[in-house]
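Coordinates in review
Spelled out, the chains give:
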Amino acid sequence: MSDKTSNQMWGGRFAAGPDAIMEAINASIGFDKRLAAQDIAGSRAHAAMLAATGIISDSDAEAIREGLLTVLSEIERGEFAFSTALEDIHMNVEARLKEVVGEPAGRLHTGRSRNDQVATDFKLWVRDQFDAFEQGLLALIRALVGQAEAGADWVMPGFTHLQTAQPVTWGHHMMAYVEMFARDLSRVRDARARMNESPLGAAALAGTGFPIDRHMTAQALGFDRPAANSLDAVSDRDFALDFLGAASICAMHLSRFAEELVIWSSAQFRFVALSDRFSTGSSIMPQKKNPDAAELIRAKIGRIFGANVALMTVMKGLPLAYSKDMQEDKEQVFDAADNLMLALAAMDGMVRDMTANVANLEAAASAGFSTATDLADWLVRETGLPFRAAHHVTGALVAMAERKGCDLPDLSLEDMQSVSPAITSGIFDVLGVHNSVASRLSYGGTAPVRVREQVARWKEILG
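Predicted model only: the values in this text are computed from it and were never measured. (Residues numbered from 1 in each chain as written. Predicted model: local features only at pLDDT ≥ 70, side-chain atom pairs only at ≥ 80, totals over all residues. Heavy atoms only, no water.)

Moving on, we get to the UniProt feature "domain: Argininosuccinate lyase C-terminal" (unreviewed entry) in the protein. Residues given the UniProt feature "domain: Argininosuccinate lyase C-terminal" (unreviewed entry) here are residues 369-438. A helix fraction of 67% and a strand fraction of 0% characterise residues 369-438, whose end C-alpha atoms lie 17 Å from each other. (UniProt positions renumbered as here; feature names shortened; annotations may be inferred. Helix = DSSP H or I, 4+ residues; strand = E, 2+ residues; numbered from the N terminus.)

Looking now at helix α16 (residues 387-404). For α16, spanning 18 residues, the distance from its first C-alpha to its last is 25 Å, which sits close to the expected 26 Å at 1.5 Å a residue. Where α16 is buried, its residues contact α15 (372-383) and α17 (413-419). Trailing α16 by a residue or two, G405 shows a phi angle of about 70°, which is positive. (Expected span 1.5 Å × (residues − 1). Contact = heavy atoms within 4.5 Å.)

Each pair of packed helices gets described by two things: the angle between the helix axes and the distance between those axes. Running from amino to carboxyl end, helix α4 (residues 36-52) crosses helix α6 (residues 89-101) at an angle of 60°, the nearest separation of the two axes being 10 Å. Looking at the two axes, α4 sits oblique to α6. Here α4 and α6 pass one another in a crossing that is right-handed. Across from A36, D39 and I40 in α4, the residues of α6 making contact are I89, H90 and V93. The residue inventory of the contact of α4 with α6, partitioned by class, reads four nonpolar, one polar and one charged. (Axes fitted to C-alpha atoms, helices over the stretch in contact; angles between N-to-C directions. Parallel < 35°, antiparallel > 145°, perpendicular 65-115°, else oblique. Left-handed = near helix turned anticlockwise from the far one by under 90°. Nonpolar A, V, L, I, M, F, W, Y, C, P; charged D, E, K, R; others polar.)

Of all hydrophobic cores here, the largest spans 98 residues; its most connected members are F133, F243, L254, F257, W264 and M347. In terms of residues, this core owes the most to one element, helix α11 (residues 238-264), which gives 16 residues. Among residues more than four places away in sequence, those in contact with F243 are V126, Q129, F130, F133, V333, A337 and L340. With 20 residues, the next largest nonpolar core counts A376, A401, L408 and I423 among its residues. (Core = buried A, V, L, I, M, F, W, Y, C linked by side-chain atoms within 4.5 Å. Buried < 20%, exposed > 50% of the residue type's maximum accessible area, 1.4 Å probe, protein only.)

Tracing the backbone through its elements, the reader meets V333 in helix α13 (residues 330-353). Measuring from C-alpha to C-alpha, the distance between V333 and I304 comes to 8.4 Å, with 29 residues separating the pair along the chain. Beyond its immediate chain neighbours, meaning those up to four positions away, V333 contacts F122, W125, V126, A240, F243, L244 and L311.

On to the confidence of the model for the protein. Summarising the model, the protein shows a mean pLDDT of 91, and 94% of its residues fall at 70 or more. Ignoring residues within four places in sequence, the model shows residues 1-11, a span with pLDDT below 50, making nine contacts including any to other chains. (pLDDT = per-residue confidence, 0-100.)

Moving on to a nonpolar patch on the surface. Taken together, the side chains of L205, L231 and L320 present a nonpolar region at the surface, about 270 Å² in accessible area. Structurally, L205 can be placed in the loop between β3 (197-198) and α9 (214-220). Judged by its relative accessible area of 40%, L205 falls in the partly exposed class. (Patch = residues over 30% accessible without salt bridge, like charges linked within 9 Å, V, L, I, M, F, W, Y side chains within 5 Å. Areas by Shrake-Rupley, 256 points an atom, 1.4 Å probe, with all protein chains shown as cover. Salt bridge = Lys/Arg side-chain N within 4 Å of Asp/Glu carboxyl O.)

This paragraph deals with the environment of T373. Within the fold, T373 resides in helix α15. Taking the relative accessible area as the measure of exposure, T373 reaches 31% and is therefore partly exposed. T373 sits 75 residues away from R298 along the chain, and the two C-alpha atoms are 33 Å apart.

Set out below in structure tokens:
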């Protein structure tokens with residue numbers, strides 16, 4: 001077979017043949033250049049430690065330090081020429097360092113490997129993302145608490161099966177999402193603390209014979225301690241999976257809220273008005289105001305959860321310690337982090353900007369026999385009926401109201417007494433939606449006084 005025929009078989013993009021394909025599949029610089037700042041920070045810490053332990057001279061360490069700062073400056077200014085032939089960010093930085101400082105650059109890699117180097121870089125990057133994740137959650141929680149405080153008394157329908165169930169308050173609904181995102185915050189903080197062990201100095205997989213000080217580099221990079229097992233240190237990607245797991249659950253929470261905002265802002269509900277900043281118009285229908293930001297947030301769960309599954313699949317069959325498969329760990333995490341931060345910021349903005357239609361909320365809360373449970377509870381408390389019997393009486397009264405085309409509070413006392421003579425005029429004290437929500441005084445209930453207690457608790461937590 002001729003070279004020309006062989007090259008055609010590889011396809012136009014890889015017309016140079018197998019070597020081009022190997023370079024393309026092997027190189028990671030196209031995406032891991034995002035780790036440049038972390039790579040240089042790790043190298044600076046490593047070089048300082050090598051000098052402190054006498055493994056390299058102080059003059060070499062100083063040359064390396066200055067050279068790395070030069071390389072970082074070039075990257076930050078967009079003047080650095082990344083090379084696919086050099087495979088990854090580590091070799092790109094080291095090659096440029098050699099051009100800048102000469103022979104001392106060759107001593108930088110003493111006592112480490114690309115295996116512990118990439119694990120350290122990636123950990124530092126993910127740690128930064130956990131910190132950004134935490135700040136995004138705190139901002140969103142503050143926005144929700146603000147909405148809850150403003151609407152602690154506003155009544156709205158509470159739903160099960162998307163059917164009117166019982167009246168709740170707007171503040172109670174907002175605080176439900178505070179609790180959701182607070183659990184996300186707890187997961188972030190827990191994972192952030194668990195991951196904070198340094199792989200640097202684990203070398204390829206077995207540690208090194210050089211008298212390095214791993215505690216020194218761990219402290220310099222803000223880790224709590226060095227990772228205790230070199231095999232595990234270079235092969236661990238649990239920290240990335242922890243990030244993707246927490247991101248997936250948070251994206252699911254964001255998607256649930258986004259779905260409610262899509263429903264609530266529709267012409268059929270008109271519970272909320274979203275600001276123009278987070279809505280778009282239609283190219284053909286001038287009356288439309290589309291909740292595009294909410295819809296896009298709702299879609300982010302797909303790619304974030306997909307990233308979680310992808311990395312879990314990459315890792316599931318790998319023996320210790322390092323395998324090249326693990327080069328596929330970064331793109332999914334990069335993409336998930338970018339989209340999560342965007343979704344959190346967009347949701348924060350929507351929550352701060354949205355306006356509740358209080359009149360529509362209250363009208364909807366009053367419809368659909370939403371105080372039926374209050375009626376049944378009153379029968380139990382005031383007449384001594386067993387709950388099942390009270391449930392039956394309430395059902396009969398709901399059926400009567402349906403036949404009359406009215407709601408429960410609109411039935412007369414005589415109508416009610418025709419079903420249960422034990423009913424008195426006191427029943428009307430619980431049938432209004434404001435009376436209903438005010439009566440839900442159990443801890444965690446929807447009563448405005450309880451909502452304000454939770455708002456106060458969270459404002460203290462948030463500081």
